[in-house]
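# What the coordinates show
Listed here are the chains, written in short residue letters.
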Amino acid sequence: QVQLVESGGGLVQAGGSLRLSCAGSGRTFSSYAMGWFRQAPGKEREFVAAITGSGRGTYYADSVKGRFTISRDNAKNTVYLQMNTLKPEDTAVYFCAARLNTAAISSTPGSYNDWGQGTQVTVSS
């Protein structure tokens, strides 16, 4: 099991930027694929971005491609989500998640083992 703690959420105007961080525990952090998901009120949790254990592979939802960038620093046990050109429809609680025992990417929430508590992102128009 890995403990995950997100930070960096907040209120921003449309067109602005935020960077989310997800700090994880564990000595084998680089062996975990990591993902970011989000959930807006009344909606299901949806995939945002994922990154392989090495950081060399990434995958994005079409809705954020070209605006968001996922990265990781395994020396710091941290995954980041740089969010640029934010839109009101990006408003949601953002969660990071870890796929234990695999470094491969997935966009399916059910394939992730551990989740953070979430951080709120609100984009005003």
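The notes below deal with the structure included here.

### Describing the packing of aromatic side chains
- Under the defined criterion, the tally for this structure stands at six aromatic pairs.
- Aromatic side chains Phe 37 and Phe 47 sit 5.7 Å apart centroid to centroid with 70° between the ring planes, which places their arrangement in the edge-to-face category. One end of the pair, Phe 37, is in strand S4 (residues 33–39); the other, Phe 47, is in strand S5 (residues 46–51), and ten residues separate them in sequence. Neither residue differs from the other here; Phe 37 and Phe 47 are each classed as buried.
- Between Phe 47 and Tyr 59 the ring centres are 5.5 Å apart and the planes differ by 25°, which places this aromatic pair in the stacked class. Of this pair, Phe 47 sits in strand S5 while Tyr 59 sits in strand S6 (residues 58–60), and the two are twelve residues apart along the sequence.
- Of the aromatic side chains, those joined through ring pairs into one cluster are Phe 37, Phe 47, Tyr 59, Tyr 112 and Trp 115.
- Against the face of Phe 95 rests Arg 45, its NZ or CZ located 3.9 Å from the ring centre.
- Directly above the aromatic system of Trp 115 lies the positively charged group of Arg 45, at a separation of 4.7 Å from the ring centroid.

About the thresholds
- Residues numbered from 1 in each chain as written.
- Predicted model: local features only at pLDDT ≥ 70, side-chain atom pairs only at ≥ 80, totals over all residues.
- Heavy atoms only, no water.
- Phe/Tyr/Trp six-rings, centres within 6.5 Å; stacked < 30°, edge-to-face > 60°.
- Helix = DSSP H or I, 4+ residues; strand = E, 2+ residues; numbered from the N terminus.
- Buried < 20%, exposed > 50% of the residue type's maximum accessible area, 1.4 Å probe, protein only.
- Lys NZ or Arg CZ within 6 Å of the ring centre and 35° of its normal.

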